[in-house]
Amino acid sequence: MAGSDGIEKLIRYNLAGFTGYSASTSPDTLAGKVDVPLDNIIKINAYENPYGCSPKVLKAVTDNPRFNIYPDDGQQELRKLLAGYAGVGAERIVVGHGSNSLIDLIVRLFVEPGDEVINCVPTFDIYRFSTEICGGTMVNLIRDDNFAIDVQEVKTAISDKTKLIFLATPNNPTGNVVPRQDIVEIIETGAPVVVDEAYYEFSGETVVPLASRYQNLMVLRSFSKWAGLAGLRVGYGVFPSRIADYLMAIKIPHNVSVAAEIAVRASLADLDYLQGRVKDIVTERERLFGELKKLSWLKPYPSQANFVYCEVLKGSADELYKKLQKKGILVRYFDKLLLKNSIRISVGKPEHTDALIRALRELKD
Ligand SMILES: Cc1ncc(COP(=O)(O)O)c(C=O)c1O
């Protein structure tokens, strides 16, 4: 084994300069840095559900006596339950440890060094993360000023090397959807398309009903946001059954925990409750957007997800982020090429919106 100096010679050459995914700040890292107790921090930086999961999930998980037993590697019950929810056959469903892990699995199935993956930036960074780890090359197409994609440009970018096209709808961090007609036009090229619907329950728009018509369409969903299970890690995908078979074959064994399995079952048995919370979040999203719009120095973008992306027109987003943090309010801030001087605010409860707007007014008065 070489010493630490020689490690770059041993690891895969394409990972030596690899830039990882930059996750949002956890309140635990703020001890001593903010003016409020950690328990009072308003965490609206990571599109989490402010209402938590269904109370029935909590009860079902704590009542389970069998955490010593491995989960079913074949995901039989889960696949059936999720097939019922999504309205497709169970043979098309694959469940993952969060939908992130399914993005990674899909990329591992399709992408070899030298292959290309088409991406419409700015977007969710995990598409790049997983592709680069596999040695693939991102073909980044820049969205327009309102973050819409250019279908013609996507079609022109498809080459012999194209292995996947990623389309997040609603997109993270900008919150806008890709119109269904645009998605269909891209699918009809025949190239493998991954439509990431992690925020589907907030937008109400889905292409899952098209899944049986196209052998190149894969649709991903998450339980992190609408069902409040971000901490338990559950996502699923709807795939052509041949692709589902391959994904089931290459996934890590027992990739969804028993607790997550129980949580999915209890969530789907309590849909009225969860859909009620989704409605509350959508109502609050519109109120948050309206309140942000009243501030002349912010430019919020309309969102179909559970967050609002905002350009900071006056002053620095970084400073704003730090000042809000000092007041115990955590938002996400960006200052990079395609996400200049901006913040992304997850939709919280009404009292979180009130506290945020109060703080924003105080900071700029
Ligand atoms: C577009 C998009 N896809 C997938 C994910 C991953 O969600 P999960 O928590 O299911 O891994 C996220 C959020 O983190 C996202 O924004």
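This write-up is about the structure you can find in this document. Worth saying up front: this structure is predicted, and the values here are computed from it rather than measured.

So, the overall build of the chain
No. 1: From N to C terminus, the chain includes 13 helices and 13 strands.
No. 2: Here the chain has a C-alpha radius of gyration of 21 Å; the compact-globule value for 365 residues is 21 Å, and the two agree.
No. 3: For the chain, the spread of C-alpha atoms along the three principal axes comes to 60 × 55 × 50 Å.
No. 4: Counting every position in the chain, which comprises 365 residues, the buried fraction comes to 52%.
No. 5: Within the chain, counting contacts between residues at least 6 apart in sequence, those at least 24 apart form 71% of the total.
No. 6: Approximately 16,800 Å² of the chain is accessible, and the part contributed by carbon and sulfur atoms is 52%.

A few points about the layout of surface pockets
No. 1: Considered as a void within the structure, the largest pocket measures approximately 700 Å³ in volume.
No. 2: As for the largest pocket, its lining consists of 32 residues, and the residues nearest its centre are T123, D125, F334, K336 and L339.
No. 3: Among the secondary structure elements, those contributing two or more residues to the lining of the largest pocket are β3 (116-121), α5 (126-133), β4 (137-142), β12 (332-336) and β13 (339-346).
No. 4: No other element matches the 5 residues that β12 contributes to the lining of the largest pocket.
No. 5: Broken down by class, the residue content of the lining of the largest pocket amounts to 15 nonpolar, 10 polar and 7 charged.

Focus on the site of the ligand
No. 1: Taken together, the neighbourhood of the ligand is formed by 14 residues, with S99, D196, Y199, S222 and S224 sitting nearest.
No. 2: The contact in question runs from a nitrogen atom of the ligand to an N or O atom on the side chain of D196, over 2.6 Å.
No. 3: The separation between an oxygen atom of the ligand and a polar side-chain atom of Y199 is 2.6 Å.
No. 4: Judged by the proximity of its atoms to the pocket grid, the ligand belongs to the second largest pocket.
No. 5: Here the shell around the ligand is composed, by residue class, of 5 nonpolar, 6 polar and 3 charged.

Structural notes on the nonpolar core
No. 1: Residues L164, F223 and L360 are the most contacted members of the largest nonpolar core, which totals 110 residues.
No. 2: When residues of this core are assigned to their parent elements, the largest contribution, 8 residues, is made by helix α10 (residues 258-268).
No. 3: Residues F147, Y301, Y309 and F334 belong to the second largest nonpolar core, which totals 5 residues.

Points about the environment of K225
No. 1: When you line up the elements, K225 lands in the loop between β7 (217-222) and β8 (235-238).
No. 2: A C-alpha to C-alpha distance of 26 Å links K225 and I118, two positions 107 residues apart in sequence.
No. 3: In this structure K225 touches Y47, N49, A198, Y199, F202 and N306, once residues within four positions along its chain are discounted.

Here's the deal with the pairing of strand β5 (residues 162-168)
No. 1: Burial runs high along β5: 6 of the 7 residues are buried.
No. 2: Judged from the 4 bridges that link them, β3 and β5 form a sheet pairing that is parallel. Pairing of N119 across the sheet is with F166, part of β5.
No. 3: By the bridge criterion, 4 bridges tie β5 to strand β6 (residues 193-196) in an arrangement that is parallel. What sits directly across from I165, in β6, is V193.
No. 4: In terms of handedness, the path from β5 via helix α7 (residues 180-187) over to β6 forms a crossover that is right-handed.

Looking at unusual backbone geometry
No. 1: Here the bond from T169 into P170 is cis, since omega is -5°, no more than 30 degrees from zero.
No. 2: Of note, the bond from N172 into P173 is cis; its omega dihedral lies within 30 degrees of zero at 15°.
No. 3: For F147, which is not glycine, the phi dihedral falls at a positive 70°.
No. 4: Mapped onto the secondary structure, F147 falls in the loop between β4 and α6 (151-157).
No. 5: F147 gets classed as buried once you look at its relative accessible area, which sits at 6%.
No. 6: Positive phi outside glycine occurs at N341, with the angle close to 40°.

What counts as what
Residues numbered from 1 in each chain as written. Predicted model: local features only at pLDDT ≥ 70, side-chain atom pairs only at ≥ 80, totals over all residues. Heavy atoms only, no water. Helix = DSSP H or I, 4+ residues; strand = E, 2+ residues; numbered from the N terminus. Rg over C-alpha atoms; globule rule 2.2 N^0.38 Å. Buried < 20%, exposed > 50% of the residue type's maximum accessible area, 1.4 Å probe, protein only. Contact = heavy atoms within 4.5 Å. Areas by Shrake-Rupley, 256 points an atom, 1.4 Å probe, with all protein chains shown as cover. 1 Å grid on protein atoms, 1.4 Å probe; cavity = no way out; pocket = protein on both sides within 12 Å on 5 of 7 lines; lining within 4 Å. Points joined across faces, edges and corners; volume = space filled by probe spheres on them. Nonpolar A, V, L, I, M, F, W, Y, C, P; charged D, E, K, R; others polar. Near = heavy atom within 4 Å. Polar contact = N/O pair within 3.5 Å; in protein donor to acceptor, adjacent residues only side chain to side chain. Sits in = over half its atoms within 2 Å of the grid points. Core = buried A, V, L, I, M, F, W, Y, C linked by side-chain atoms within 4.5 Å. Pairing = 2+ DSSP bridges. Right-handed = clockwise from strand over helix to strand, strands pointing away.

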